Amino acid sequence: MLKKLLTGWISPLKNLGAWMTIGITLGLVFILTFAVIAEELIENELNLFDQTIISAVSTINSPLTTQIMKGITMLGSAAVMITIVVLAWLVCLRYKKYLWDTATVTIVLTGAWLMNSLLKWVFHRSRPYGLRLVEAAGYSFPSGHAMISLTFYGMVAYLLWNNLKSQRAKYLSVGFISLMVLAIGLSRIYLGVHYPSDVVAGFAAGGVVLIGSILGLQAVQQRRQC
């Protein structure tokens, strides 16, 4: 039952109306989540939420954990994601395959970065005070690593699901990418460069961009098949 449900949610649906219904519902959940956090931020009522999670995360502090978190957080950096896109383009141009998918990922990455920059400028929340284990510039809300990594790697997971032949490979790739994105968000809290609410808001905003991108891609593919 769960397998059928997951397959129905991730695979392209022949019925675009059903796909739109699911996408819009998920999008509204993400929008509502972001709106609630943004309202709490404006009213300065996030301190208890943030401090509770920060205290919990601090219990796993160790030199080894710090090195692991520094490595994980790099996966959400612009340098790594741009490198992935450039390598994808080189491979696709060489073999003349998956050009449309690579273009989609490039557009999504650019759009997520622009949206995150706009949101940071609107809310201009300062980063957490205290010890930071890595350097980070700019405003804190929403987390760019969380938002952009969920959008970018989420689209990669979606495209892998659609293109891989093996069901086992599909589940493993989507599961691995999901855990990686969550780990990137956790690393930003652990390293002291984001409040937990920044990360949750980043995931919510990234979810909106991802859902919108998938719906747009589905609409284009539906039109091309007509």
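Let me sum up the structure you'll find in this document. (Residues numbered from 1 in each chain as written. Predicted model: local features only at pLDDT ≥ 70, side-chain atom pairs only at ≥ 80, totals over all residues. Heavy atoms only, no water.)

Between its terminal C-alpha atoms helix α7 (residues 144–163) stretches 28 Å, which fits the 28 Å expected from 20 residues at 1.5 Å a residue. With 16 of its 20 residues buried, α7 lies for the most part within the structure. Two or three places before His145, at the opening of α7, Ser143 has a side-chain oxygen 3.5 Å from that residue's backbone nitrogen. (Helix = DSSP H or I, 4+ residues; strand = E, 2+ residues; numbered from the N terminus. Expected span 1.5 Å × (residues − 1). Buried < 20%, exposed > 50% of the residue type's maximum accessible area, 1.4 Å probe, protein only. Polar contact = N/O pair within 3.5 Å; in protein donor to acceptor, adjacent residues only side chain to side chain.)

Put simply, helix α5 (residues 78–95) and α7 touch, their axes get as near as 11 Å, and they point 20° apart. As the angle between them shows, α5 and α7 are arranged roughly parallel. Note on packing geometry: the crossing formed by α5 with α7 is left-handed. Two secondary-structure elements touch here, α5 through Val80, Met81, Ile84 and Val85 and α7 through Ile148, Ser149, Phe152 and Tyr153. Across the contact of α5 with α7, the residue classes break down as 7 nonpolar, 1 polar and no charged. (Axes fitted to C-alpha atoms, helices over the stretch in contact; angles between N-to-C directions. Parallel < 35°, antiparallel > 145°, perpendicular 65-115°, else oblique. Left-handed = near helix turned anticlockwise from the far one by under 90°. Contact = heavy atoms within 4.5 Å. Nonpolar A, V, L, I, M, F, W, Y, C, P; charged D, E, K, R; others polar.)

The next thing to look at is a nonpolar patch on the surface. A cluster of nonpolar residues, Met20, Ile24, Leu28 and Ile31, forms a patch on the protein surface that exposes about 350 Å² of accessible area. With respect to the helices and strands, Ile31 occurs in helix α2 (residues 16–42). Judged by relative accessible area, which is 43%, Ile31 ranks as partly exposed. (Patch = residues over 30% accessible without salt bridge, like charges linked within 9 Å, V, L, I, M, F, W, Y side chains within 5 Å. Areas by Shrake-Rupley, 256 points an atom, 1.4 Å probe, with all protein chains shown as cover. Salt bridge = Lys/Arg side-chain N within 4 Å of Asp/Glu carboxyl O.)

Its 24 residues give helix α8 (residues 167–190) an end-to-end C-alpha distance of 34 Å, which sits within 8% of 34 Å, the value for a rise of 1.5 Å per residue. Along α8, the residues that are buried comprise Lys170, Ser173, Val174, Ile177, Met180, Val181, Ile184, Gly185, Ser187, Arg188, Ile189 and Tyr190. Once α8 ends, the next one or two residues include Gly192, with phi positive near 80°.

One can find Ser197 in helix α9 (residues 196–225). Dropping the residues within four chain positions of it, Ser197 is found in contact with Ile37, Leu46, Phe49, Asp50, Arg125 and Phe141.

Turning to unusual backbone geometry, a few remarks are in order. Put simply, Phe141 and Pro142 share a cis peptide bond, and its omega is -10°. For Pro142, the position within the fold is in the loop between α6 (99–123) and α7. Its identity is not glycine, yet Asn44 carries a phi of approximately 60°, on the positive side. By the secondary structure assignment, Asn44 is in the loop between α2 and α3 (47–58). For Asn44, a relative accessible area of 67% puts it in the exposed group. Residue His124 is not a glycine yet carries a positive backbone phi of 30°. Position of His124 relative to the elements: it lies in the loop between α6 and α7. A relative accessible area of 47% means that His124 is categorised as partly exposed.

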